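Report on the structure
Below, each chain spelled out in residue letters.
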Amino acid sequence: METSTYRIMHLDILFCFLVLAVLSSSCVDQVKFGPLCGGNPDNMKRGCDTKYGCGHYGASRGSKKHMGLDIVCSDGAYLYAPFDVRIIGRAKPYGNNNAIDDGITLMGEGLCFKLFYVMPDQLSGTRFKYEKIGRLLPMQKVYPGITSHVHVQMCDKSDPTKYF
Ligand code: ZN
């Protein structure tokens, strides 16, 4: 895995160099999320569940649309800072106080984003990349059979997919 990561990085650098050479334009590295959830080091995205829909941005939720991106995460798994972050505060997805109605707002790398279905360790301060920030709440209690996941939503509700 380390070798392939290195190869991908190498290709990125090569690509940037080519773009620079051809277009003489700037080639800014895209911010990427580091591992969010213990047990899912590659930030594998949630696909589709027969009962509950799909995990991609813009997926149908009845008359509404899914305004975030779901990353696979087991109930009770630890969540980690995807890069150095400042903890802004609590972010409740529903406001109905059910078993998964909790989350956290974070800022880092110039991005403001929310993680839903998370019991936060703390609601202020900073965390370095890879440091624990909380645990996934018991999603199976609320949505039996769903692919348990953490929901990533940008504060401006834009599409977070390019960061993964
Ligand atoms: Zn979601």
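Here, the structure is the one placed above.
Structure report, in brief. (Residues numbered from 1 in each chain as written. Predicted model: local features only at pLDDT ≥ 70, side-chain atom pairs only at ≥ 80, totals over all residues. Heavy atoms only, no water.)

Below, the discussion takes up the nonpolar core. Grouped together as the largest cluster of nonpolar side chains are 33 residues, with contacts concentrated most on F33, F113, L115 and V150. When contributions to this core are tallied by element, the ones reaching two or more residues are β5 (69-72), β7 (85-90), β8 (103-108), β9 (111-116), β12 (132-136) and β13 (149-154). Among the elements that make up this core, the one with the highest residue count is β9 (four residues). Here L115 is in contact with L36, G103, I104, L106, I133, V150, H151 and V152, once residues within four sequence places are set aside. (Core = buried A, V, L, I, M, F, W, Y, C linked by side-chain atoms within 4.5 Å. Buried < 20%, exposed > 50% of the residue type's maximum accessible area, 1.4 Å probe, protein only. Helix = DSSP H or I, 4+ residues; strand = E, 2+ residues; numbered from the N terminus. Contact = heavy atoms within 4.5 Å.)

Below, the discussion takes up the pairing of β7. The pairing of β7 with strand β11 (residues 126-127) spans two bridges and is classified as antiparallel. Residue pairing for β11: R86 is matched across the bridge by T126. Across four bridges, the pairing between β7 and β8 is antiparallel. The residue of β8 that forms the bridge with R86 is M107. (Pairing = 2+ DSSP bridges.)

Let us look at the coordination of the zinc ion. Ligation of the zinc ion by protein atoms is provided by H66 (NE2), D70 (OD) and H151 (ND1), these donors lying 2.0 to 2.1 Å from the ion. For H66, a relative accessible area of 6% corresponds to the buried category. For H151, a relative accessible area of 5% translates into the label buried. (Donors = N, O, S within 2.8 Å, 3.2 Å for Na, K, Ca; no water.)

Applying the stated rule across the entire model yields four salt bridges. One salt bridge in this structure joins R46 and D49, with 2.6 Å as the shortest N-O distance. D49 matches R46 in its accessibility class, with the two residues each being buried. Note that R61 and D70 form a salt bridge whose closest N and O atoms lie 3.8 Å from each other. Classification of D70 as buried rests on a relative accessible area of 1%. (Salt bridge = Lys/Arg side-chain N within 4 Å of Asp/Glu carboxyl O.)

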